[in-house]
Amino acid sequence: MENTKYAVGLDIGTTKIVAMIGRENEYGKIEILGIGKSKSLGVHRGVVNNITQTIQSIQQAVQEAESVSGLKIHDCVVGIAGQHIRSLQHSDYITRPDSEEVISDIDLDNLCNQVYKLVMLPGEEIIHVLPQEYKVDGQAEIKEPMGMYGGRLEANFHVVVGQVSSIRNIGRCVKSSGLDLAGITLEPLAAANAVLSQEEKEAGVALIDIGGGTTDLAIFKDGIIRHTAVIPFGGNVVTEDIKEGCSIIEKQAELLKIKFGSAWPGENKDNEIVSIPGLRGREPKEITLKNLSKIIHARVVEIIEQVYMEIKNYGHDEQKKKLIAGIVLTGGGSQLKHLKQLVEYITGMDTRIGYPNEHLAGDSDTDIASPVYATAVGLVMNAIQLQNKRGPIQIEQEETPIAEQQPTQAETIEHKDEPQPTEPKEERKSFLEKWSEKLKDFLDNAE
């Protein structure tokens, strides 16, 4: 039971790996009990390219989180990103055998299961099947069809697809680190849970999560996920450009970007100069801040334009699909000076920086409420949701035999009525766990 009191999110990023332990307090807010982070050595652009180094990095982050919190980590919800992720729209329908019965969870589950059987390209696997709107007997724009009558149940789905090998590699790293995989979530969806309000999702919003190796995009409208994309550029390419452009080492380039970097070149005067120590007795280098911000500006504009192209592909220009709440920037890359102004200038959309503090308990450390940890906080929230879904079912299964010990006539009648509401709950549980169970089978077979 100890394990159900807290939840763990594991964010495997290109620059860092974060293990975060949290629990839900009595006010429904997330209390962070411990956090551990380590330098990510075996991940490139969100994809594992060195299993051994990734396992070491995960173990380091997990050990740090355990020593800070004094708790033992058994399982976790892992975030997945990378340039292999793509999304598509798909419509499907089922014909119900008995239209006189109301639509239940089982029907929705059957419809989703049908989408999971879609034939993908070789080496691809469906990660998420996210229903958008339903149609019942031709009646459109239904958000929740449960309890309605109808023979033909249709739905539009947002399907997120990734490469089997990349997903299995992440699963293998987690298992080899001595952890069980409780679930797997697309990172932009986790970050969206942590930083977006329900009002923004209703009005229409684009979440841009600028990480080290990738920039993730999630678009919501009418409270429903409409589009996801992963762009294979992030903060690291900006650092790489500074390194090349100024002929300095990567560590210095990263420090320059964080301390003096700006996305807006007009901000710096020509006489503002920063001096960088030379290597091993060589002369120090002098770099003007104007040149530095010109290098940063060029690359950041390229990233924003790619993201804006994805927003246009979704159909932002159409009145019905307009994103009224604009753009929310999060992730480590969103902390670059004047990035908000540059995004507003390029896209013409309202922009704010997204902090995951809305869902955190009031006494949380201010460092945790940074955009850097948005995905990790979202993954902890996801892990808590999974636990809440499983929790009540365990209690019901334990209580049922007690109710059966001495049934009176009235109790028997009540008991006959009971299984109907509990059955869909079990169905929903299996639907939420389906993906991680499938992945566990995958990994066991691979062994």
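The following refers to the structure shown. (Residues numbered from 1 in each chain as written. Predicted model: local features only at pLDDT ≥ 70, side-chain atom pairs only at ≥ 80, totals over all residues. Heavy atoms only, no water.)

Some words on the overall build of the protein chain
In terms of helices and strands, the protein chain carries twelve helices and 18 strands. Out of the 447 residues in the protein chain, the part that is buried amounts to 49%. Carbon and sulfur atoms form 49% of the exposed surface of the protein chain, whose accessible area is close to 21,900 Å². (Helix = DSSP H or I, 4+ residues; strand = E, 2+ residues; numbered from the N terminus. Buried < 20%, exposed > 50% of the residue type's maximum accessible area, 1.4 Å probe, protein only. Areas by Shrake-Rupley, 256 points an atom, 1.4 Å probe, with all protein chains shown as cover.)

Topic: helix α8 (residues 289–314)
The end-to-end C-alpha distance of α8, which contains 26 residues, comes to 37 Å, matching closely the 38 Å that a straight helix rising 1.5 Å per residue would cover. Positive backbone phi, approximately 110 degrees, marks Gly-315, located one or two places after α8. (Expected span 1.5 Å × (residues − 1).)

Here's the deal with the side chain of Ser-334
When you line up the elements, Ser-334 lands in the loop between β17 (327–330) and α9 (339–347). One polar contact links the side chain of Ser-334 to the main-chain carbonyl oxygen of Gly-331, over a distance of 2.6 Å. Excluding anything up to four places from it in sequence, Ser-334 contacts Ile-210, Leu-329, Leu-339, Ile-353 and Pro-371. (Polar contact = N/O pair within 3.5 Å; in protein donor to acceptor, adjacent residues only side chain to side chain. Contact = heavy atoms within 4.5 Å.)

Regarding the environment of Glu-254
Turning to its location among the elements, Glu-254 is positioned in helix α7 (residues 250–260). A C-alpha to C-alpha distance of 5.6 Å links Glu-254 and Thr-239, two positions 15 residues apart in sequence.

Let's talk about the pairing of β17
The alternating pattern of β17 places Ile-327 and Leu-329 on one face and Val-328 and Thr-330 on the opposite face, and all of these are buried. Sheet topology places strand β12 (residues 205–210) next to β17; four bridges connect them, and they run parallel. Following the sheet pairing, Asp-209 is matched in β17 by Thr-330. In this structure, β17 lies alongside strand β18 (residues 351–353), joined through three bridges in parallel fashion. Directly across from Leu-329, in β18, lies its bridge partner Ile-353. One crossover worth recording links β17 to the parallel β18 by way of α9, and it is right-handed. (Pairing = 2+ DSSP bridges. Right-handed = clockwise from strand over helix to strand, strands pointing away.)

Considerations on the nonpolar core
The biggest cluster of nonpolar side chains holds 66 residues, and the ones touching the most others in it are Leu-10, Ile-12 and Met-20. Look past the residues within four positions of Met-20 in its chain and what remains in contact with it is Ala-7, Val-8, Gly-9, Ile-32, Gly-34, Ile-35, Ile-368, Tyr-373, Ala-376, Val-377 and Val-380. Membership of the second largest hydrophobic core comes to 40 residues, among which are Ile-242, Ala-253, Val-274 and Ile-296. (Core = buried A, V, L, I, M, F, W, Y, C linked by side-chain atoms within 4.5 Å.)

Remarks on the sheet that holds strand β13 (residues 215–221)
Strands pair in a sheet through their backbones, by hydrogen bonds, and they do so in one of two ways: parallel or antiparallel. One open sheet holds the five strands; their spatial order is β14-β13-β12-β17-β18, and the pairing between them is mixed. At either end of the open sheet lies a strand with only one pairing partner, and these are β14 (224–231) and β18. Taken over all neighbouring pairs, the strand axes of this sheet differ in orientation by 20 degrees on average, direction set aside. (Axes fitted to C-alpha atoms, helices over the stretch in contact; angles between N-to-C directions.)

Some words on α9
Of the positions making up α9, those classed as buried are Leu-339, Leu-342, Val-343 and Thr-347. Buried residues in α9, looked at end-on, bunch into an arc of 110 degrees, giving them a common side. As for α9, its buried residues are in contact with β12, α8, β17 and β18. Backbone geometry just after α9 places Gly-348 at a positive phi near 70 degrees. (Arc of directions from axis to C-beta.)

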